[in-house]
Each structure stands twice: as structure tokens, then as C-alpha cells.
Amino acid sequence: NVVVDSCTFYSNYIGVYNHASDVVVEKSVFTNNDKGFYSSYVWIINCDGYRYRSIIKNNIFGLSADQKSAMPNRIGIHIGGSSSSSSGEHELRIHDNVVSGNSENGIVVMGDFSNNSYGLATSNLIGTNKYGDDFGNGANGILSEAGSFYIGTSSLDSANIIVFNHENGIMSEKNYLSVGANFI
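For every chain, the first residue of its written sequence is number 1, and the numbers climb from 1 along that sequence. Per-residue local features are limited, in this predicted model, to residues with pLDDT of at least 70; the limit for side-chain atom pairs, both in listing and counting, is 80 or more; totals at the level of whole chains, interfaces and linings are taken over all residues. Just so you know, side-chain values use all the structure's heavy atoms and leave hydrogens and water out.

1. With respect to the overall build of the chain
Thinking step 1. Every helix listed is a DSSP run of H or I at least four residues long, and every strand listed is a run of E at least two residues long, numbered separately from the N terminus. Looking only at helices and strands, the chain has zero helices and 20 strands in total.
Thinking step 2. Buried residues are those whose accessible area, probed at 1.4 Å on protein chains only, stays under 20% of the maximum for their type, while exposed residues exceed 50% and partly exposed ones sit between those limits. Looking at the chain as a whole, 53% of its 184 residues are labelled buried.
Thinking step 3. Excluding contacts between residues fewer than 6 apart, the proportion of contacts in the chain whose partners are at least 24 apart in sequence is 74%.
Thinking step 4. Here the Shrake-Rupley method, with its probe set to 1.4 Å, supplies the accessible areas, and only the displayed protein chains count as covering residues. Total accessible area on the chain stands at roughly 7,900 Å², and carbon and sulfur atoms take up 47% of it. By definition in these notes, contact holds between two residues if any of their heavy atoms fall within 4.5 Å.

If you want it as C-alpha cells, here you go:
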């Protein structure tokens, strides 16, 4: 297990590089990095029948800690790779983050989640801050090249707010992306 809690990552090529199977990143600030958070694999599964999670929650990607000025990463969150197990539950959750002011995409998700695996983005502010100011990402709010990735749910209580991005709020290069309740 890897836990990153209440840290600041500034002016690195990669703020946090994850190559672990069970990681929680929370209450941290990622600014002026090439990639704020980068995971080359969402899950590395060696055992069957277990639950593996990658959770990215309550972080700030691309803005100062007070959310009043842009301090862009090139990409806020970049997830690559895929799940690789035939049993057990495997999940990626991107929840309750501020992903704004980045020079390219806010969130990039690549690879396919298959078998009992999925990715989910909920309750994020993408392209804005807690005050509703314009801090759009330079390209897309979310760029998904992943299958079985869900953006929002059926409830407005967990909707993402995706605004002010310079290209698309959500851009998908797969036909089976699921988009639920969001404010775009």
C-alpha cells in the first residue's frame, strides 16, 4: 500500500509516479510539474480474488493551495496502462479534486479496464476552483482513451463540474465511455 497525504509537489517532471497496486493520494497540491500525478499502470495484479484500488481524492492539480492563482502542470492527472487480472475487484477513483489551470489536459485516462475493473471520476472541479473562477485547462477537461471509464454517476450529488476548458469538456476516443450526471 502507498499513501500520499498532505504533500506539495512543485517543479518536478512528475509530481508522484505510481507503479504500485494499491495507492491513495489525498489532500496534496501538485503545481508546475510536467505531470502532476502519473500512473503507468492503474493496477498491477499478481494475486486473484483481492480488491485493489487507486484513489486520488481531495487534491489540487494546477492551482495554488488557496486556489487563487494558476500554477500549471502540463497534465494534471495522467493514468496509463490497464488492469490485468481475471478475478477480484479493481478500481480507480478520481474524486473531489480541483484539476484546473493545467497547460494541456486536466485528466488523461488511457488503457482499458476489463474483467471486474472500472474507473470512475466524480465530484471534481475541472477548469474552475471552489469560487467558480475561470481556470480552464489548456486543452480538454478530461481526455479518455479508456474503456469502462465512468465520468459522473446517475446522481447530481456526485456530478463533476467541467467548465472553461479551452477545447472540450470531455473528449473520448472510445465508443464505450459512460458519461453520467455532470455540469458541463
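So that's the structure; there's more coming.
2. A look at unusual backbone geometry
Thinking step 1. Unusually for a residue other than glycine, Asp96 sits at a positive phi of about 60°.
Thinking step 2. If you trace the backbone, Asp96 turns up in the loop between β10 (89-95) and β11 (98-99).
Thinking step 3. Look at Asp96 and you get partly exposed, because its relative accessible area is 38%.
Thinking step 4. The phi dihedral of Phe164 falls on the positive side, at around 65°, and the residue is not glycine.
Thinking step 5. Examined against the element boundaries, Phe164 turns out to sit in the loop between β17 (160-162) and β18 (170-172).

3. Things to note about the nonpolar core
The tendency in soluble globular proteins is for nonpolar side chains to be buried as a group.
Thinking step 1. In terms of nonpolar packing, the biggest core is built from 19 residues, with Ile56, Ile77, Ile94, Ile107 and Phe149 touching the most fellow members.
Thinking step 2. Secondary structure elements with two or more residues in this core: β9 (75-79), β10, β12 (107-112), β15 (142-147) and β16 (149-151).
Thinking step 3. Ignoring any residue separated from it by four or fewer positions in sequence, one finds Ile94 in contact with Ile56, Ile77, Ile107, Leu120, Ala121, Thr122, Asn124 and Phe149. Residues belong to one nonpolar core when they are buried, are Ala, Val, Leu, Ile, Met, Phe, Trp, Tyr or Cys, and are joined through side-chain atoms within 4.5 Å.

4. Things to note about the pattern of salt bridges
Thinking step 1. For this analysis, a salt bridge means a side-chain nitrogen from Lys or Arg found within 4 Å of a carboxyl oxygen belonging to Asp or Glu. This model, assessed by the stated rule, comprises one salt bridge.
Thinking step 2. For Glu104, the salt bridge is made with Arg74, and the minimal N-O distance between the two is 3.0 Å. A residue pair is termed long-range when its members are at least 10 positions apart, and Glu104 in the loop between β11 and β12 and Arg74 in the loop between β8 (60-61) and β9 qualify at 30 residues.
Thinking step 3. Take Glu104: its relative accessible area is 32%, and that puts it in the partly exposed class.
Thinking step 4. A residue is classified by how much of its surface remains accessible, and Arg74, at 26% relative accessible area, is partly exposed.

5. Comments concerning the environment of Ser28
Thinking step 1. Secondary-structure assignment places Ser28 in the loop between β4 (23-26) and β5 (29-31).
Thinking step 2. When its relative accessible area of 1% is taken as the criterion, Ser28 is described as buried.
Thinking step 3. Spatially, the C-alpha atom of Ser28 lies 6.4 Å from that of Ile60, the residues being 32 residues apart in sequence.

6. Remarks on the side chain of Ser144
Thinking step 1. Turning to its location among the elements, Ser144 is positioned in strand β15.
Thinking step 2. If sequence neighbours within four positions are ignored, Ser144 has contacts with Val109, Phe149, Met171, Ser172, Glu173, Lys174 and Leu177.

7. What to know about the environment of Glu173
Thinking step 1. Topologically, Glu173 is positioned in the loop between β18 and β19 (178-179).
Thinking step 2. When the C-alpha atoms of Glu173 and Ala146 are compared, they prove to be 7.9 Å apart, with 27 residues separating the residues in sequence.
Thinking step 3. Excluding residues within four positions of it along the chain, Glu173 makes contact with Leu143, Ser144 and Glu145.

8. Here we look at the environment of Gln67
Thinking step 1. Note on placement: Gln67 falls in the loop between β8 and β9.
Thinking step 2. Taking relative accessible area as the criterion, Gln67 reaches 8% and is therefore assigned buried.
Thinking step 3. It is 8.6 Å that separates the C-alpha atoms of Gln67 and Val98, two residues lying 31 residues apart in sequence.
Thinking step 4. The contacts of Gln67, once residues within four sequence positions are left out, are Ile60, Val98, Asn129, Lys130, Tyr131 and Phe135.

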